[in-house]
Amino acid sequence: MATTAELFEEPFVADEYIERLVWRTPGGGSRGGPEAFDPKRLLEEFVNHIQELQIMDERIQRKVEKLEQQCQKEAKEFAKKVQELQKSNQVAFQHFQELDEHISYVATKVCHLGDQLEGVNTPRQRAVEAQKLMKYFNEFLDGELKSDVFTNSEKIKEAADVIQKLHLIAQELPFDRFSEVKSKIASKYHDLECQLIQEFTSAQRRGEVSRMREVAAVLLHFKGYSHCIDVYIKQCQEGAYLRSDIFEDAAILCQRVNKQVGDIFSNPEAVLAKLIQNVFEIKLQSFVKDQLEECRKSDAEQYLKSLYDLYTRTTGLSSKLMEFNLGTDKQTFLSKLIKSIFISYLENYIEVEIGYLKSRSAMILQRYYDSKNHQKRSIGTGGIQDLKERIRQRTNLPLGPSIDTHGETFLSQEVVVNLLQETKQAFERCHRLSDPSDLPRNAFRIFTILVEFLCIEHIDYALETGLAGIPSSDSRNANLYFLDVVQQANTIFHLFDKQFNDHLMPLISSSPKLSECLQKKKEIIEQMEMKLDTGIDRTLNCMIGQMKHVLAAEQKKTDFKPEDENNVLIQYTNACVKVCVYVRKQVEKIKNSMDGKNVDTVLMELGVRFHRLIYEHLQQYSYSCMGGMLAICDVAEYRKCAKDFKIPMVLHLFDTLHALCNLLVVAPDNLKQVCSGEQLANLDKNILHSFVQLRADYRSARLARHFS
């Protein structure tokens, strides 16, 4: 059995149990083991082991039954014991209930007795109090104060309580019979009040907060309580303004008092509010007046800067004070204090702002023109001037002398930045100093000043001057500086638009003035764009005119009809070289002067006009075979130049022109084939014929026959 018990190991697994049993049995191993496999012996071992297990099971079962009987017996005994405890608990609970009822009965009796005692004691105390007051009143009637409460200075608190009550009683007495005693009580009332205030003042100087609290509590029922607060506020400010920044001093003072006032007064929020009111109406108002009145009439710039700075710092102080408990509507309270200080300055603020901005802007412009030694000319408008301008644009007739500006654009980024900076500061002041209801209207007025001086007096004047400075298209070696005007005007427009979006829009975004500003901006920009378009168009005409002069001066008839056909060494003509150099320079200038789609638009227009010029130029000559080859070489150079435009349409035009030039050299028998090629098939037959007619051999019957 001991062996069997050893086989029962945790955790128990039946298969492993059998394996261990077989392993322990002699002859139970495999055939290859140290002992031969003996099935009979193994069977015998299994039978014996089963019998042992059965005996073990019976023994364990008997033991289990015995334990179950013992457990049942103990359970019955425990249940009986629990029943006895429950009975004992019920008895104890009944005793507790009886005790609770008895306590409640006694407490009711005690409360009733207390009420009876209070009912008896209260009238008694009142009678005693009345008796004391009558005694004190008699002393005032007799004219001699003998009581210790009046003669002992240490009992000032009790004396104050008595005199305050006597003062109230005296108010009800008839004046004719008790005038003298009423006067004495009032005099004593006033004396004690003064003593208490003096005591409070002394305690404050000594820094005795507890004593200040006691005296303030006594004075609370006196008429001089407000005077006590005034004294406290006055002494709080002694030595508080030692720094150069009065606003920082005021903030520190209020923070210090806010921490202390709750420990002294029963109504700390009212005391703190009165202190703040005192600071604003006396200290700050005086400081603001001294700062502003000094420069109000003499220096508008300093006045506006000081007003903005002082108002900003005052509102900043107000924001700090919003953290304190000042009553229910502290926002309105602080707003009224700020308004009381600045109302006289804010009423006419915008008029000062507009006046200063006008004079400042005019000065900036005048200083710039003076630095250029330039006297601004009046730009004529309407009537004859408009008629002359339209005739000049359409016909390029020299109506009146052209202005020679010596390449000066009369546009200055420094001037623009200064104007925008002044306007930016004006917008900031307007935002801060304007009443919310007046803000959009005031911002619009500032915007109109910016438009007047920046857009009209500076940009528009420069455009008009630039237009007047553009020479006629037949001028030679003209300085085409209008593209510089375009470049600078474009930069200025971006700066103007940025300020419009960044500084004006937030001020008018929710008002009807928004549409008015947008419309005004649109009109100004459209007006400027029209003048820029006119100037660019006339500048392009001048460029084409310059090219015409180059071609007329450099291109010779013998270039395309050389005397010696077999001795032509040049690859392209001198006229072509100079024109291409000039065109490339102008293309680069256009790219530097403009941005975005404007570059492509202007380059396409220049490219189309350039193509028309070359096309018409080629139509003026007669071409020999070698001359036609030179023309093709020239057009190839023109086409390379056209690639710099990076405009597909312009390149296509020169590709077609190059194909047309092939008609000048192709063999007569191949003319029809070339004309029906991909690049020339869609062209009008008259155009093809016009190029064929330029051939020197066109008159030959053979050529005419092949082309017909």
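These figures come from a predicted structure and were not determined experimentally.

Engineer: What is the right way to read the overall build of the protein from this model?
Structural biologist: Helices and strands together make up the secondary structure of the protein, namely 25 helices and zero strands. For the protein, the proportion of its 708 residues judged to be buried stands at 38%. For the protein, long-range pairs separated by at least 24 residues make up 74% of all intrachain contacts whose partners lie at least 6 apart in sequence. When the accessible surface of the protein is totalled, it reaches about 41800 Å², and 51% of it is carbon and sulfur.

Engineer: What am I meant to see in the UniProt feature "coiled-coil region" (unreviewed entry) in the protein here?
Structural biologist: As annotated by UniProt and renumbered to match this structure, "coiled-coil region" (unreviewed entry) occupies residues 50-88. Between the first and last C-alpha atoms of residues 50-88 the distance is 57 Å; the span itself is 100% helix and 0% strand.

Engineer: Can you help me understand the nonpolar core in this one?
Structural biologist: For soluble globular proteins, the rule of thumb is that nonpolar side chains tend to be buried together. Among the nonpolar cores identified, the biggest contains 164 residues, and Tyr 232, Phe 265, Met 547 and Tyr 638 are the most heavily contacted of them. Beyond its immediate chain neighbours, meaning those up to four positions away, Tyr 232 contacts Phe 200, Gln 204, Met 212, Val 257, Gln 260, Val 261, Ile 264, Phe 265 and Val 271.

Engineer: Where do I start with the side chain of Glu 422 in this structure?
Structural biologist: Inspection of the secondary structure assignment puts Glu 422 in helix α15 (residues 413-433). Judged by relative accessible area, Glu 422 falls into the buried class, the value being 9%. Glu 422 has contacts with Tyr 356, Leu 357, Arg 360 and Ile 364, leaving out every residue within four places of it along the chain.

Engineer: Before we go on, may I ask you to explain the packing of helix α21 (residues 625-643) against helix α22 (residues 648-661) in this structure?
Structural biologist: A pair of packed helices is characterised by two quantities: the angle between their axes and the separation of those axes. Their axes nearest at 9 Å, the elements α21 and α22 cross at an angle of 170°. Judged by the angle between their axes, α21 and α22 are roughly antiparallel. For the pair formed by α21 and α22, the contact residues are Ile 632, Val 635, Ala 636, Tyr 638, Arg 639, Ala 642 and Lys 643 on the first element and Val 650, Leu 651, Phe 654, Asp 655, Leu 657, His 658 and Cys 661 on the second. Here the residues of the contact of α21 with α22 are counted per class, giving 10 nonpolar, one polar and three charged.

Engineer: What should I look at first to understand helix α13 (residues 349-371) in this one?
Structural biologist: In an α-helix, one turn spans 3.6 residues; hence positions three or four apart end up facing the same way. Helix length check: α13, at 23 residues, gives a terminal C-alpha distance of 33 Å against a target of 33 Å (1.5 Å per residue), a fit within 8%. Along α13, the residues that are buried comprise Tyr 349, Ile 350, Glu 353, Ile 354, Tyr 356, Leu 357, Ser 361, Ile 364, Leu 365, Tyr 368 and Tyr 369. Elements that come into contact with the buried residues of α13 comprise α11 (300-321), α12 (330-346), α15 and α16 (439-469). Where α13 terminates, the next one or two residues include Asn 373, which has phi positive at roughly 55°.

Engineer: Could you clarify how one ought to interpret the packing of α11 against α12 in this entry?
Structural biologist: Relative orientation of the contacting elements α11 and α12 amounts to 175°, with a least axis distance of 10 Å. With respect to their mutual orientation, α11 and α12 come out roughly antiparallel. In this structure, α11 uses Tyr 303, Leu 307, Leu 310, Tyr 311, Thr 314, Thr 315, Ser 318 and Leu 321 to contact α12, whose residues at the interface are Leu 334, Ile 338, Phe 342, Tyr 345 and Leu 346. In terms of residue class, the contact of α11 with α12 is built from 10 nonpolar, three polar and no charged.

Engineer: In this structure, what is going on with helix α19 (residues 574-593)? I would like to understand it.
Structural biologist: Under the 1.5 Å per step criterion, the end-to-end length of α19 is 29 Å for 20 residues, consistent within 8% with the ideal 28 Å. Within α19, burial applies to Ala 575, Cys 576, Val 579, Cys 580, Tyr 582, Val 583, Gln 586, Val 587, Ile 590 and Ser 593.

Engineer: Got a minute to help me understand the pattern of salt bridges in this structure?
Structural biologist: Opposite charge on two side chains lets them pair, provided their charged atoms get close. Evaluated as defined, the whole model comprises 27 salt bridges. The closest approach of N and O atoms between Glu 248 and Lys 320, which form a salt bridge, is 3.6 Å. In this pair, Glu 248 sits in helix α9 (residues 246-261) while Lys 320 sits in helix α11, placing the two residues 72 residues apart along the sequence. Take Glu 248: its relative accessible area is 33%, and that puts it in the partly exposed class. A relative accessible area of 37% means that Lys 320 is categorised as partly exposed. Salt-bridge contacts for Lys 521 lead to Asp 497; the nearest nitrogen and oxygen are separated by 2.3 Å. Of the two residues, Lys 521 is situated in helix α18 (residues 513-554) and Asp 497 in helix α17 (residues 482-508); the sequence distance between them amounts to 24 residues. On the basis of relative accessible area, Asp 497 is assigned to the partly exposed category, the value being 28%.

Engineer: What's the story with the packing of aromatic side chains in this structure? I'm lost.
Structural biologist: How two aromatic rings sit relative to each other is given by the distance of their centres and the angle of their planes. Under the counting rule described, the total for this entry stands at 15 aromatic pairs. Considering the side-chain rings of Tyr 232 and Phe 265, the 5.2 Å spacing of their centres and the 70° angle between planes classify their relative orientation as edge-to-face. Residue Tyr 232 is located in helix α8 (residues 225-236), and its partner Phe 265 is located in the loop between α9 and α10 (268-293); the two are separated by 33 residues in the primary sequence. You'll find Tyr 232 and Phe 265 in the same group, each marked buried. Pairing Phe 247 with Phe 287 gives two aromatic rings, centres 6.1 Å apart and planes at 85°, and the pair type is edge-to-face. One end of the pair, Phe 247, is in helix α9; the other, Phe 287, is in helix α10, and 40 residues separate them in sequence. Ring pairing ties together the aromatic residues Phe 610, Tyr 638, Phe 645 and Phe 654, which thus form one cluster. Across from the ring centre of Phe 500, 4.4 Å away, lies the NZ or CZ of Lys 521, which sits over that ring.

Engineer: Sorry if this is basic, but what is going on with unusual backbone geometry here?
Structural biologist: Excluding glycine, residues mostly carry a negative phi; peptide bonds, for their part, are mostly trans. Positive phi, normally seen in glycine, also occurs at Phe 410, with a value near 60°. Within the secondary structure, Phe 410 is located in the loop between α14 (383-395) and α15. Classification of Phe 410 as buried rests on a relative accessible area of 6%. In this structure, Lys 646 is a non-glycine residue whose phi angle is positive, near 60°. As for its position among the elements, Lys 646 is in the loop between α21 and α22.

Engineer: Honestly, the confidence of the model for the protein in this entry has me stumped. Any pointers?
Structural biologist: Low-pLDDT portions of the prediction should not be read for the details of their coordinates. Scored by pLDDT, the protein comes out at a mean of 82, with 80% of its residues at no less than 70. The least confident element of the protein, judged by mean pLDDT, is α14 at 52; the most confident is α15 at 94. The model gives residues 396-401 a pLDDT under 50, and that stretch makes nine contacts with residues more than four places away or in other chains.

Engineer: How do you make sense of the environment of His 458 when you look at a structure like this?
Structural biologist: One can find His 458 in helix α16. Sequence-wise, His 458 and Val 416 are 42 residues apart; in three dimensions their C-alpha atoms are separated by 8.6 Å. In this view, His 458 contacts Leu 365, Tyr 368, Tyr 369, Phe 410, Leu 411, Ser 412, Val 415, Val 416 and Phe 453; residues no more than four positions away in its chain are not counted. Looking at His 458, its side chain comes within polar contact range of the side chain of Tyr 369, at 3.3 Å. A polar contact of 3.2 Å, which involves the side chain of His 458, links it to the backbone nitrogen of Ser 412.

Parameters and conventions
- Residues numbered from 1 in each chain as written.
- Predicted model: local features only at pLDDT ≥ 70, side-chain atom pairs only at ≥ 80, totals over all residues.
- Heavy atoms only, no water.
- Helix = DSSP H or I, 4+ residues; strand = E, 2+ residues; numbered from the N terminus.
- Buried < 20%, exposed > 50% of the residue type's maximum accessible area, 1.4 Å probe, protein only.
- Contact = heavy atoms within 4.5 Å.
- Areas by Shrake-Rupley, 256 points an atom, 1.4 Å probe, with all protein chains shown as cover.
- UniProt positions renumbered as here; feature names shortened; annotations may be inferred.
- Core = buried A, V, L, I, M, F, W, Y, C linked by side-chain atoms within 4.5 Å.
- Axes fitted to C-alpha atoms, helices over the stretch in contact; angles between N-to-C directions.
- Parallel < 35°, antiparallel > 145°, perpendicular 65-115°, else oblique.
- Nonpolar A, V, L, I, M, F, W, Y, C, P; charged D, E, K, R; others polar.
- Expected span 1.5 Å × (residues − 1).
- Salt bridge = Lys/Arg side-chain N within 4 Å of Asp/Glu carboxyl O.
- Phe/Tyr/Trp six-rings, centres within 6.5 Å; stacked < 30°, edge-to-face > 60°.
- Lys NZ or Arg CZ within 6 Å of the ring centre and 35° of its normal.
- pLDDT = per-residue confidence, 0-100.
- Polar contact = N/O pair within 3.5 Å; in protein donor to acceptor, adjacent residues only side chain to side chain.

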